[in-house]
Amino acid sequence: DQQVKQNSPSLSVQEGRISILNCDYTNSMFDYFLWYKKYPAEGPTFLISISSIKDKNEDGRFTVFLNKSAKHLSLHIVPSQPGDSAVYFCAASLQGAQKLVFGQGTRLTINP
Amino acid sequence: ETGVTQSPTHLIKTRGQQVTLRCSSQSGHNTVSWYQQALGQGPQFIFQYYREEENGRGNFPPRFSGLQFPNYSSELNVNALELDDSALYLCASSLGRFRWDEQFFGPGTRLTVL
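Described below are features of the structure shown in this document. None of these values were measured; they are calculated from a predicted model.

Residues and elements named next belong to chain A. Pairing is antiparallel across the open sheet formed by five strands, whose spatial order is β1-β3-β8-β7-β6. Across the chains shown, the open sheet's two edge strands, defined by having one partner strand only, are β1 (4-5) and β6 (56-59). As paired elements, strand β3 (residues 19-25) and strand β8 (residues 72-77) share six bridges and run antiparallel to each other. Note that in β8 the partner of isoleucine 20 across the bridge is histidine 76.

Following this line, the structure appears as structure tokens:
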């Protein structure tokens, strides 16, 4: 039962353009969402988060949008830079639960 | 301030054997979570330890067990290894059980079961 899904295994974007990574979830009780970035041979690194009471959160080049009615969130990176090439995971948590539920990840490649 | 470290980096075992993976938390962190990441998948929650007690468990059988020590370092033990246990095992530490934004992951231990 995959409660958090990232349907695009990979995405290729030209440097300077916008990267949009998508994530869908099935459990309407999720109340907090996060995006992580993972380089090879390193653990995931926290990027940005959003509470279910908000629909947008911005941090520099990164913006996360949450559409609760569609059970969908997206991460926008603008402008995309070569150092953004990595695997991106979305994750969700239930209030009071001790675990994060992760999506399968999307490999983002930024081309010069 | 040191980050989260894990040992060993890589490990090869045969089916039926037992393995112990180790995790050193970031300084001052009292919560450790363990995750299994199979190839091409996202991390899956195994369990969490908070102040030396198991504080939540994912859908993993009892042959997956753990410990957290008074210095908040942690071990993951897996008995009777199966081929499907081959994965990257990640630990993550935080100051508190629900501090997701402040949860830091180690680089992982790559376990191969032959």
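Anyway, onward from the coordinates.
As a further point, take the packing of aromatic side chains. The final tally for this structure, using the stated rule, is 13 aromatic pairs over all chains. On the basis of an interplanar angle of 85 degrees and a centroid distance of 6.3 Å, the ring pair of phenylalanine 89 of chain A and phenylalanine 102 of chain A is categorised as edge-to-face. With a gap of 13 residues between them, phenylalanine 89 of chain A in strand β9 (residues 86-94) and phenylalanine 102 of chain A in strand β10 (residues 100-102) connect regions that are remote in the sequence. Considered together, phenylalanine 89 of chain A and phenylalanine 102 of chain A belong to a single accessibility category, that of buried residues. Take phenylalanine 102 of chain A: its relative accessible area is 4%, and that puts it in the buried class. An aromatic cluster of three or more residues is present, and its members are Tyr36, Phe46, Phe89 and Phe102 of chain A together with Tyr35, Phe45 and Phe105 of chain B.

What follows concerns a nonpolar patch on the surface. On the surface, Ile18, Ile20 and Val78 of chain A cluster together to form a nonpolar patch covering roughly 230 Å² of accessible area. Mapped onto the fold, isoleucine 20 of chain A is located in strand β3.

Cut-offs used in this document
- Residues numbered from 1 in each chain as written.
- Chains lettered and ligands numbered in written order.
- Predicted model: local features only at pLDDT ≥ 70, side-chain atom pairs only at ≥ 80, totals over all residues.
- Heavy atoms only, no water.
- Pairing = 2+ DSSP bridges.
- Helix = DSSP H or I, 4+ residues; strand = E, 2+ residues; numbered from the N terminus.
- Phe/Tyr/Trp six-rings, centres within 6.5 Å; stacked < 30°, edge-to-face > 60°.
- Buried < 20%, exposed > 50% of the residue type's maximum accessible area, 1.4 Å probe, protein only.
- Patch = residues over 30% accessible without salt bridge, like charges linked within 9 Å, V, L, I, M, F, W, Y side chains within 5 Å.
- Areas by Shrake-Rupley, 256 points an atom, 1.4 Å probe, with all protein chains shown as cover.
- Salt bridge = Lys/Arg side-chain N within 4 Å of Asp/Glu carboxyl O.

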